[in-house]
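Descriptive structure summary
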Amino acid sequence: MGGIFNAISEIMDQITNASDLIPEAVNPANLDLSAGAAVAKIAALQSFADMISSPAQQMFDLASRFASEVISLDPGVLAVVRAAESGTAEDFVDYCCDLVLTITPKLRHNVEVVKNYGQGMSILPRASQVLRPPVAKVAAAIQQMADGFERMEDWERRITATGRSRPKLPDMDE
């Protein structure tokens, strides 16, 4: 799952780098103020929308993959959670619970970074309607990730309710 977030981070960088081109392209000082200025602005924004459409789709695909992986793990993790809730003390149950309690905080940070990124992108469609489709795709990707992570947080809540705490791992603790 961490690889998905690394790939999404790279995609966010691609979109941000493309975003850096917008202010120059739509700055009135850089455009002819004739009747064609509005057309030039729309053309620049359309070019930007075209540049970010593919990365936005890739982000959506990765987020969907993340959500699908969480959904596919859910029945097995819930079985482990129920075993932990019933007080079963087996190495496998302990290991799985420790794994969930270790991974979830790390992914929480990644999900928050992506959500904050999405909030910043949400203002882009104000510049032009041509930006709505790729920005909507990014928003849908973020929602997919949030939905998948919400399921993981439920696992975490249920495990911690059994009295278990996050294990201290030297190479994974911050």
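Residues numbered from 1 in each chain as written. Predicted model: local features only at pLDDT ≥ 70, side-chain atom pairs only at ≥ 80, totals over all residues. Heavy atoms only, no water.

**So, the overall build of the chain**
A tally of helices and strands in the chain yields five helices and zero strands. Going from N to C terminus, the chain has its helices and strands arranged as α-α-α-α-α. Taking the intrachain contacts of the chain between residues at least 6 apart in sequence as the baseline, contacts between residues at least 24 apart amount to 83%. Roughly 9700 Å² of accessible area belongs to the chain as shown, and the carbon and sulfur atoms make up 56% of that amount. (Helix = DSSP H or I, 4+ residues; strand = E, 2+ residues; numbered from the N terminus. Contact = heavy atoms within 4.5 Å. Areas by Shrake-Rupley, 256 points an atom, 1.4 Å probe, with all protein chains shown as cover.)

**As for the packing of helix H4 (residues 91–121) against helix H5 (residues 132–160)**
Interhelical geometry of H4 versus H5 gives an angle of 155° and a closest axis separation of 9 Å. Judged on the interaxial angle alone, H5 and H4 are roughly antiparallel. Seen from above, H4 lies across H5 with left-handed handedness. (Axes fitted to C-alpha atoms, helices over the stretch in contact; angles between N-to-C directions. Parallel < 35°, antiparallel > 145°, perpendicular 65-115°, else oblique. Left-handed = near helix turned anticlockwise from the far one by under 90°.)

**A look at the nonpolar core**
The nonpolar side chains of a soluble globular protein tend to be buried, and buried together. Within the largest apolar cluster, 44 residues are counted, with the highest numbers of intra-cluster contacts made by Ile8, Met59, Phe66 and Met121. Those elements that place two or more of their residues in this core are helix H1 (2–19), helix H3 (37–85), H4 and H5. Ignoring sequence-local partners within four residues, the contact set of Ile8 consists of Met59, Leu62, Ala63, Val114 and Met145. (Core = buried A, V, L, I, M, F, W, Y, C linked by side-chain atoms within 4.5 Å. Buried < 20%, exposed > 50% of the residue type's maximum accessible area, 1.4 Å probe, protein only.)

**A closer look at the packing of aromatic side chains**
Think of a pair of aromatic rings as described by two things: how far the centres are apart, and how the planes are tilted against each other in angle. According to the stated counting rule, one finds one aromatic pair in the structure shown. A centroid spacing of 5.2 Å and a plane angle of 75° characterise the contact between Phe5 and Phe66, whose relative ring orientation is edge-to-face. Within this pair, whereas Phe5 is found in helix H1, its partner Phe66 is found in helix H3, the two being separated by 61 residues in sequence. As far as the burial class goes, Phe5 and Phe66 line up, both buried. It is Lys137 that lies over the ring of Phe60; its NZ or CZ is 4.7 Å from the centre. (Phe/Tyr/Trp six-rings, centres within 6.5 Å; stacked < 30°, edge-to-face > 60°. Lys NZ or Arg CZ within 6 Å of the ring centre and 35° of its normal.)

**Remarks on the pattern of salt bridges**
Inspection of every chain in the model, using the stated rule, returns nine salt bridges. Among the salt bridges present, the one from Asp94 reaches Arg164, with a minimum N-O distance of 2.7 Å. Residue Asp94 is found in helix H4, and its partner Arg164 is found in the segment after H5; the two are separated by 70 residues along the sequence. One salt bridge in this structure joins Arg108 and Glu153, with 3.2 Å as the shortest N-O distance. (Salt bridge = Lys/Arg side-chain N within 4 Å of Asp/Glu carboxyl O.)

**Some words on the side chain of Glu156**
For Glu156, the location among the structural elements is in helix H5. Polar side-chain contacts of Glu156 include one of 2.3 Å to the side chain of Arg108. (Polar contact = N/O pair within 3.5 Å; in protein donor to acceptor, adjacent residues only side chain to side chain.)

**A short note on the environment of Gln46**
Within the secondary structure layout, Gln46 lies in helix H3. Gln46 gets classed as partly exposed once you look at its relative accessible area, which sits at 30%. When the C-alpha positions of Gln46 and Ser128 are compared, they lie 8.7 Å apart, and in sequence the two are 82 residues distant.

**Some words on the environment of Ala146**
When you line up the elements, Ala146 lands in helix H5. Judged by relative accessible area, Ala146 falls into the buried class, the value being 15%. As a C-alpha pair, Ala146 and Val114 span 32 residues in sequence and 9.3 Å in three-dimensional space.

**A word on the environment of Ala18**
Here Ala18 shows up in helix H1. When the C-alpha atoms of Ala18 and Phe48 are compared, they prove to be 6.7 Å apart, with 30 residues separating the residues in sequence. When residues no more than four places from it in sequence are discounted, the contact partners of Ala18 are Phe48, Met51 and Ile52.

**Quick notes on the confidence of the model for the chain**
Of the residues in the chain, 85% have a pLDDT of 70 or more, and the chain-wide mean is 84. Element-level pLDDT for the chain is lowest in helix H2 (residues 22–26), with a mean of 60, against a maximum mean of 93 in H5. (pLDDT = per-residue confidence, 0-100.)

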